[in-house]
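Results of the structural survey
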Amino acid sequence: MTQQRVYNFSPGPAVLPKPVLEEAQKELLNYQSTGMSVMEMSHRSKAFESILADADSGIRRLLKISDDYAVLFLQGGASLQFSMVPMNLYLQGHPVDVVQTGMWSKKAVEELAKLGEYRVVASSEVDRFTYIPSVDRTMFNQDASYAYITSNNTIYGTQWQVFPDTQELPLVADMSSDFLSKSVDVSKFGLIFAGAQKNIGPSGVTVVIVKKELAKRASVDLPTMLQYRTHIQHGSLYNTPPTFGIYIISLVTKWIEKVGGLSILERMNQEKAAILYQAIDESMFYTCPNHLSSRSLMNVVFRIQDNREDLETLFASEAAKHGLLELKGHRSVGGLRASIYNAQPKEAILELVSFMKAFEKRHG
Ligand code: PMP
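Because the structure is predicted, anything quoted here is derived from the model rather than measured.

Brief notes about the overall build of the protein
Check the secondary structure of the protein and you find 10 helices and 14 strands. Its C-alpha radius of gyration of 21 Å places the protein within 12% of the 21 Å reference for a compact globule of 364 residues. If one aligns the C-alpha atoms of the protein with their principal axes, the spans along those axes are about 65 × 55 × 30 Å. Looking at the protein as a whole, 54% of its 364 residues qualify as buried. When contacts within the protein are restricted to residue pairs at least 6 apart in sequence, long-range pairs at least 24 apart make up 67% of them. Here the protein has roughly 16,500 Å² of accessible surface; of this, 52% comes from carbon and sulfur atoms. In the protein, 37 side chains carry a positive charge and 38 a negative one; their mean positions are 3 Å apart.

Structure follows, in structure tokens:
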């Protein structure tokens, strides 16, 4: 059994900041003199209300979110949002404009197609999603219900560098894998959603930031739990919310503020990713399939020369023996992938790079 913490490159659930885990550990049995754990606490209690308020205000402060938007803490994962978004925002006869950049946008479209029509504005599928297609404002139909993008493609390792200008058309983004990893101008979006389990907390809680005005579109005949309206009206307390996950999010937002906020965090994320991409680009043994202009700071996808699957499997298993875990690429694309979210320490990347060099010496 491993006696100490490993370097965990999992795409999610993923590594959390150690100070956050230590704080949660310290408070696990007796949260701030309440004599009980957050897990055991009524969601209607004063103590939990203040945790929820902290998580909400933490996200609002970091992203400078105005009162026109609600911040919701929901269940069902990011995948439920693939259905909830069209259920609430689709307008009959106004097809959704979608930019296809990977598996998660395709999954979102599968759900959307059950409820309404859509139009693919741009896609990089013919090139195996190795880049974010360039789009300009003229490509969006102002009469669409909304435009839909995935800000970071966890599986393919690409990320929007500049968000599209959709003018008056509400822009909806799945930010599951880069939420709170950099500053984002929320006012440019109609709705943002993110499963927490990559950058901001454990699985089981999904953050939705929605323009209150937009949420009014939904039919009141939708199932109550599936209307954003319900959760806005009840401040995420219509039913029992994922309390422990919300508590961890509140601690993570405090940790981000302590680190110096989103612009500092973004610089740290850029620095970490640059170290890894440089090691890949400098070598003749490793390659990154993705265009320079679209590479993700969160999920670094790479392959071994000539797509040598045997060596890739060996790489992942030898790396694990060195305490570098979860480096295998997604089963649908193969290869290798290092997920280096906010909480991934720079030392993990330096350790990985030195392992890569040693592996190349042995097998290159
Ligand atoms: N969107 C993106 C970009 C993801 O990376 C994931 C999970 N890897 C999902 C959606 C699905 O999230 P969940 O498992 O929370 O439904």
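A word on unusual backbone geometry
P13 follows G12 through a cis peptide bond whose omega is -10°. With phi around 55°, F129 is a residue other than glycine that occupies positive phi space. Examined against the element boundaries, F129 turns out to sit in the loop between β4 (118-123) and β5 (147-150). Since its relative accessible area comes to 3%, F129 is described here as buried. The phi angle at E326 is positive, at roughly 65°, despite the residue not being glycine. Counting through the fold element by element, E326 comes out in the loop between β13 (324-325) and β14 (336-339).

A few points about the site of the ligand
Near the ligand, the surroundings consist of 13 residues, among which S79, T154, D174, Q197 and K198 are the closest. The side chain of D174 places a nitrogen or oxygen atom 2.6 Å from a nitrogen atom of the ligand. For the ligand, a nitrogen atom lies 2.8 Å from a polar atom in the side chain of K198. Take the shell around the ligand: its biggest share by element is 4 residues, from helix α3 (residues 77-89). Class assignment for the residues of the shell around the ligand results in 3 nonpolar, 8 polar and 2 charged.

Notes on the sheet that holds β5
Whether parallel or antiparallel, the strands of a sheet pair through hydrogen bonds between backbone atoms. The 7 strands are arranged β2-β10-β9-β8-β5-β3-β4 in an open sheet whose pairing can be described as mixed. Edge positions in the open sheet fall to β2 (69-74) and β4, since each of these has one partner strand only. Taken pair by pair, the neighbouring strands of this sheet meet at an average axis angle of 20°, ignoring direction. As defined by bridge partners, β2 adjoins strand β10 (residues 206-211) across 6 bridges and the pair is classed as antiparallel.

Concerning the nonpolar core
I59, L63, F73, F179 and I209 are the most contacted members of the largest nonpolar core, which has 55 residues in total. In contact with L63, other than residues within four places in its own chain, are F179, L180, K182, V184, V186, I209 and L262. Within the second largest apolar cluster, 28 residues are counted, among which are F9, A273, L352 and V353.

Description of the packing of helix α8 (residues 262-282) against helix α10 (residues 346-363)
Between α8 and α10, the shortest axis-to-axis distance is 9 Å and the interhelical angle comes to 5°. Comparing their axes, α10 and α8 come out roughly parallel. Residue-level contacts link E271, K272, I275, L276, A279 and I280 of α8 to K346, I349, L350, L352, V353 and M356 of α10. Residues that form the contact of α8 with α10 fall into these classes: 9 nonpolar, no polar and 3 charged.

Digging into the pairing of strand β3 (residues 96-100)
With respect to burial, β3 is a largely interior element, 5 of its 5 residues being buried. Residues V96, V98 and Q100 point to one face of β3 and D97 and V99 to the other, with burial holding for every one of them. With 5 bridges joining them, β3 and β4 adopt parallel strand pairing. Paired with D97 across the two strands is R119, which belongs to β4. Across 2 bridges, β3 lies against β5 in parallel orientation. Bridge pairing links V98 to Y148 in β5.

Analysis parameters
- Residues numbered from 1 in each chain as written.
- Predicted model: local features only at pLDDT ≥ 70, side-chain atom pairs only at ≥ 80, totals over all residues.
- Heavy atoms only, no water.
- Helix = DSSP H or I, 4+ residues; strand = E, 2+ residues; numbered from the N terminus.
- Rg over C-alpha atoms; globule rule 2.2 N^0.38 Å.
- Buried < 20%, exposed > 50% of the residue type's maximum accessible area, 1.4 Å probe, protein only.
- Contact = heavy atoms within 4.5 Å.
- Areas by Shrake-Rupley, 256 points an atom, 1.4 Å probe, with all protein chains shown as cover.
- Lys, Arg positive; Asp, Glu negative; His and termini not counted.
- Charge placed at Lys NZ, Arg CZ, Asp CG, Glu CD.
- Near = heavy atom within 4 Å.
- Polar contact = N/O pair within 3.5 Å; in protein donor to acceptor, adjacent residues only side chain to side chain.
- Nonpolar A, V, L, I, M, F, W, Y, C, P; charged D, E, K, R; others polar.
- Pairing = 2+ DSSP bridges.
- Axes fitted to C-alpha atoms, helices over the stretch in contact; angles between N-to-C directions.
- Core = buried A, V, L, I, M, F, W, Y, C linked by side-chain atoms within 4.5 Å.
- Parallel < 35°, antiparallel > 145°, perpendicular 65-115°, else oblique.

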